4 protein chains.
Amino acid sequence: MIHFESDYLEGCCPQILEALRETNLEQTLGYGEDPHCAKAADMVRYVFDCPDAEVHFLVGGTQTNATVIASQLRPHQGVVCAASGHINVHETGAVEQSGHKILALPATDGKISADQVRALLEAHQRDFSREHTVQPGMVYISFPTELGTIYSKRELEALHDVCRAWDIPLFVDGARLGYGLEASGVDILPKDLARLCDIFYVGGTKQGALFGEAVVFTRSALAEDFRYLIKQHGGMLAKGRLLGLQYEVLMNEGLYFKLARHADRLADRLRAAFAAKGIPFLVENTTNQVFPILPTAALAPLAEQFGFELWQEVDDTHAGVRFCTSWATPESAIDALASYIDKNL
Amino acid sequence: MIHFESDYLEGCCPQILEALRETNLEQTLGYGEDPHCAKAADMVRYVFDCPDAEVHFLVGGTQTNATVIASQLRPHQGVVCAASGHINVHETGAVEQSGHKILALPATDGKISADQVRALLEAHQRDFSREHTVQPGMVYISFPTELGTIYSKRELEALHDVCRAWDIPLFVDGARLGYGLEASGVDILPKDLARLCDIFYVGGTKQGALFGEAVVFTRSALAEDFRYLIKQHGGMLAKGRLLGLQYEVLMNEGLYFKLARHADRLADRLRAAFAAKGIPFLVENTTNQVFPILPTAALAPLAEQFGFELWQEVDDTHAGVRFCTSWATPESAIDALASYIDKNL
Amino acid sequence: MIHFESDYLEGCCPQILEALRETNLEQTLGYGEDPHCAKAADMVRYVFDCPDAEVHFLVGGTQTNATVIASQLRPHQGVVCAASGHINVHETGAVEQSGHKILALPATDGKISADQVRALLEAHQRDFSREHTVQPGMVYISFPTELGTIYSKRELEALHDVCRAWDIPLFVDGARLGYGLEASGVDILPKDLARLCDIFYVGGTKQGALFGEAVVFTRSALAEDFRYLIKQHGGMLAKGRLLGLQYEVLMNEGLYFKLARHADRLADRLRAAFAAKGIPFLVENTTNQVFPILPTAALAPLAEQFGFELWQEVDDTHAGVRFCTSWATPESAIDALASYIDKNL
Amino acid sequence: MIHFESDYLEGCCPQILEALRETNLEQTLGYGEDPHCAKAADMVRYVFDCPDAEVHFLVGGTQTNATVIASQLRPHQGVVCAASGHINVHETGAVEQSGHKILALPATDGKISADQVRALLEAHQRDFSREHTVQPGMVYISFPTELGTIYSKRELEALHDVCRAWDIPLFVDGARLGYGLEASGVDILPKDLARLCDIFYVGGTKQGALFGEAVVFTRSALAEDFRYLIKQHGGMLAKGRLLGLQYEVLMNEGLYFKLARHADRLADRLRAAFAAKGIPFLVENTTNQVFPILPTAALAPLAEQFGFELWQEVDDTHAGVRFCTSWATPESAIDALASYIDKNL
């Protein structure tokens, strides 16, 4: 059985395991006030070329999203996002639990446009009854999106411009950031990301770490008192150095990007294997998630040998499914699946 | 420099490190639905002799407290606790963030009594204006308390009785549970704890794990839909097997209790060293935290060689300080500190 | 200038003003524990033929919706409603402020169907990742809807059946309840409403009272501790007898329904006047709100003599607008507007 | 039976009733955007000599407190108040429902001092673990307090100074503001209040209105988007002109203060009657609430003729009780009670 259900099936990259072993008996202060976190924050600033940024480390994505959003909004404000956005769909209402409405916009391939955001902001401003509605207070996008698509530099610049013009922060969920930045066709460099958004995070959980998300506030004023909020949201790890440590490893010599590149390349092989058989996709993309549309009848036999996720029904006889590659996927797993595709689909 | 500032200064016990290494490339489902969590839950049920309990694993204490409390209360209900309780003092208002008032009672050596709780419940019931006040909806205690003291079986039985009589859950914060259960003079067995409270947790973070708290709902009805709440509160670790794995190790052959016993014994040595010099304590206790009252003038020289925490001022010339031992404290650290005490205090 | 902007432009029906005058110097207990509230609750139970119901009085609609919803849901649950529902659109996120997501369904003429609700509930139940999503915990509908349409008895029975089958409460926003129950073509009697939903309210603010909404819990178990929640949400009026008093007047000899009938009849006249000129409507309805689609060019001259509300743009040259009649609208106002329509549109 | 249980036993002063009658058929915009609210706001600004203030009208006190506090605090901040403060004791956790902890200080006769507040702020700032605790974000006091006492100008100036020095708002609950400003011995003028605090409200409910609280933001920056918050908290009355109307009446020719003066003077008579018999008081005060300590045995016979509230037990044979006078109390009621005191106590 070969698994492609998600990109968090395994533990962590061996370098992290080794670092855990080496540092295990070090004695450090807790709660992220240790040298590893300090150094890792420096490395993140360096890699993303944002020397004035403030960097914080949290454990997981839902926690990070809810904490960042709560830190930026006043009570009557909501967060604009794609209807397919993770915060709107798969976080059990964590944002609402903090008191904020999600202002969901229809997504195209998982993305929203600057025009949509501007139209929403203008409509709110024009509305005579606007005080009876939730005020848009920030914009959330995922990079890559939940469908594995990526914003172009032009699209991101446009979103940046509208957010800056309306003075609301642009927040990028980077749970799979590396897979996005390394994807073929992407024209956004790490430093572009830091320049074009106000807050983003460098996802670790899905990219080689045991867990961890590094939140970057590109303007430190936005991070005021953020540590209080981390603590309040239950995200302040007692042994915080575990987070710093992992990011020291990942940011070292581009490991984070190398691991992502590996996964993207394997996903490309997979896409090619499906395409060679004329199999269409739910969405065109170049990151580590692959969404072929398969005959429903083909799923059961396929599932005997390969793990994948049912994504959505397409019609009575076809369904879109998801295969994920990751930093941990061996080349041989792709060989096996490509061969199966070639012979059986 | 020898550190006694807290019991979470190091990484984890070597057995956990080894288990991480061994299982690193296993592929498992995420979010706690893996075989390691299933097995660890069984082991917790076995060790605490509560075969019908439901067990969930979370990452940290603040997160666990807020999630459990939110899962039990209706919006108009509050949680009764000692004024010195962790949820009231050191969690940045996480309980209030979920909408609930903390009904703090004056503590004696960190503890509250059944009589205090009963009096509060009766006063609320008698109050003609009770609908204008927060309804007591559950009771939270720490075992051991934030001052390292422990409830006797009789005290815990009395709390259990009043909670059962009023039909509100008794919740035990067990962030340092092992240190309490292994302390000299304690008359509560693991199975007593499971019998006498409704919900408790077996703290891992401070007792040998990298992180993790195992929440035990001794009556499974109390755990209805708890996984939704874990997710909503950002506590559902993607690679949940890391939690199961650590508890498999800790519950195996009594390791959890052995590690705690070690720390308690070293703390006893420390208490003896202070007592031998006639140094009084903020509180009498037998767990892994030691609270001597030292001359303020003695603190600076002491701090050059030993790390500890300033706890509270006692008078103009004396302060209470805290020394923590842990599963990781070597005997030699105690030798050095005992020798210092003997010669310098 | 004749105003049709809303149904809360004036003060109150003269009978209420008189009752205020007569009882002004009575001394009563506060917070709804007075004889007027007790008697009014009895009258509501009698009129809606629900002798076992529990009745509470609140001041306004947004407050009532947020309080009722918070009283019924656990933290991980959301409320299902039409995308056009008042709680989703015009309450500044009050429901989310209480921590709950609104699960909005596409509406048809302001209504949702039992099939839609059932499909949502089944999809949630089927979802392997359901714990990552918000659990549907109750259903909210408006009667009449925000577009002035009404559910038929068959439609309401179907919603009742699916809610009962899934054991979640059906909550009816009755801000304009009387206008709905008195509309031509409606086949729902007051007692049907009480039988078919779990919680509803009898709106006063828009139907002749100065303010006030009477919430009816048709099964008293659903109202447990509701007064605590009213107080917590700031809805417990100190001089609660003002609420009881108004409902005593409104429930007396069918006044509430007479006032509504008057408004509905005048709205019918208005609809006939538009229809006679071939003017189409945004929606077909029979209650006190009228939504003609007018040429944009006609709006400015019309607005010089008549107040109305711009509802939505239809195309480049047409817009849907809203005219409201109320208990207070004089026949002469309709005469004037009908005459204008006949001559100018 | 003569009632002194509270100062909200009756309806409203006759001038308000008359204004309601006169304006009943006026047609106005809803939600506080009507000429009456505009004019009343001007009058409040004039009376309190704060021409740049922003004034908003809400319905009740709990609602006002929760809304104002939510408008000023970030999520990790709490509100400092006296342990006996209304928000801490009698609002069913409304502040916590909005996510904020109340940082209660021990009160002296219902008051807190600038020194207490400064000490709390300094201790927070000094605390190395402050991010684990709730940050003090504003100060709430009641004027008069829940015990009917009043802050002197010197005390209020000191609180103002510490709040300004730490840049946190000082918020004054003025549910009984007039009774405080008119009390004998008070040295604070309306304009002093407006100068010395950041936000206060002019209570109507307990001082002659049917309901209503006029919130004054002395610096308009503090009121940014406050109407969104009113709506979200369910405090935006549809027929908002009812609030404006009442304040037009109350602010006209000093009526608000005349009504308060009447009540304070009658309370003085009551205090004198008790004092003449050597009866002690729970607290020395000069406002409309009187707190004699009576023999428990005397309560039942007294209660047959006079309504009052049991406040707190003092010892086995004595209890403190509360008598309230109000704008509506007739002189004859005091005659009767004074005579009873003279003869029977």
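Scroll up a little and you will see the structure.
So, a few notes on the structure that sits alongside this text. (Residues numbered from 1 in each chain as written. Chains lettered and ligands numbered in written order. Predicted model: local features only at pLDDT ≥ 70, side-chain atom pairs only at ≥ 80, totals over all residues. Heavy atoms only, no water.)

The next point concerns helix α3 (residues 61–72) of chain A. Residue and element names in this part refer to chain A. The end-to-end C-alpha separation of α3 is 17 Å, in line with the 16 Å expected for 12 residues at 1.5 Å each. For α3, the tally of buried residues reaches 11 of 12 residues, placing the bulk of the element in the interior. Of all the positions in α3, only T62, Q63, T64, N65, A66, T67, V68, I69, A70, S71 and Q72 are classed as buried. (Helix = DSSP H or I, 4+ residues; strand = E, 2+ residues; numbered from the N terminus. Expected span 1.5 Å × (residues − 1). Buried < 20%, exposed > 50% of the residue type's maximum accessible area, 1.4 Å probe, protein only.)

Overlay of chain A on chain D (RMSD 0.0 Å): rotation 180°, translation along the axis 0.0 Å. Given the turn and translation reported, the copies of this chain are related as if by a two-fold rotation axis. Across chain A, the smallest distance between a C-alpha and the rotation axis is recorded for A:R74, namely 3.7 Å. When the interface residues of chain A are mapped onto chain D, 100% of them again fall at the interface, so both copies present the same face. (Least-squares fit on C-alpha atoms with pLDDT ≥ 70 in both. Contact = heavy atoms within 4.5 Å.)

Moving on: the sheet that holds strand β5 (residues 135–142) of chain A. All names here are of chain A. Ordered in space as β2-β8-β7-β6-β5-β3-β4, the 7 strands form an open sheet in which the pairing is mixed. Strands with a single pairing partner mark the edges of an open sheet, and in this sheet they are β2 (54–58) and β4 (102–105). With direction set aside, neighbouring strand axes in the sheet form an average angle of 25°. As defined by bridge partners, strand β6 (residues 170–173) adjoins strand β7 (residues 199–203) across 2 bridges and the pair is classed as parallel. Bridged to V172 within β7 is F200. (Pairing = 2+ DSSP bridges. Axes fitted to C-alpha atoms, helices over the stretch in contact; angles between N-to-C directions.)

So, on to the relation of the copies chain A and chain B. The operation linking the two copies of the chain is a rotation about an axis combined with a translation along the axis. The two copies are related by a screw motion: chain A maps onto chain B through a turn of 180° and a shift of 0.0 Å along the axis, at an RMSD of 0.0 Å. A high fraction, 100%, of the interface residues of chain A reappear at the interface in chain B, so the copies pair face to face through one surface.

Another aspect to go through is the packing of helix α1 (residues 14–23) of chain D against helix α11 (residues 241–251) of chain D. Residue and element names in this part refer to chain D. Running from N to C, α1 and α11 cross one another at 130°; their axes reach a closest spacing of 9 Å. With respect to each other, α1 and α11 are oriented oblique. By crossing handedness, the relation of α1 to α11 is classed as right-handed. Residues Q15, I16, A19, L20 and T23 of α1 lie in contact with α11, whose contacting residues are R241, L242, L245, Q246, V249 and L250. Looking at side-chain class alone, the contact of α1 with α11 contains 7 nonpolar, 3 polar and 1 charged residues. (Parallel < 35°, antiparallel > 145°, perpendicular 65-115°, else oblique. Left-handed = near helix turned anticlockwise from the far one by under 90°. Nonpolar A, V, L, I, M, F, W, Y, C, P; charged D, E, K, R; others polar.)

This part takes up the interface of chain A and chain D. On the chain D side, the residues contacting the 23 residues of chain A number 23 residues. Here chain A packs against chain D, burying approximately 2200 Å² in sum over the two surfaces, 49% of which is carbon and sulfur. Among the residues of chain A in contact with chain D, A:E131, A:H132 and A:Y228 are the three that bury the most area, contributing 34% of the side total. Scanning the region where chain A abuts chain D turns up 2 salt bridges. Between D:E131 and A:R227 there is a salt bridge, and its shortest N-O distance comes to 2.6 Å. If you look at where chain A meets chain D, you find 16 residue pairs in polar contact (both at pLDDT 80 or more). Where the side of chain A that touches chain D is concerned, the elements lending two or more residues are α3 and α10 (226–232) of chain A. When residues of the side of chain A that touches chain D are assigned to their parent elements, the largest contribution, 5 residues, is made by α10(A). Grouping the amino acids of the side of chain A that touches chain D by side-chain chemistry returns 7 nonpolar, 8 polar and 8 charged. (Buried area = accessible area lost by both parts, 1.4 Å probe. Salt bridge = Lys/Arg side-chain N within 4 Å of Asp/Glu carboxyl O. Polar contact = N/O pair within 3.5 Å; in protein donor to acceptor, adjacent residues only side chain to side chain.)

Any link to function would need more than the numbers given here.
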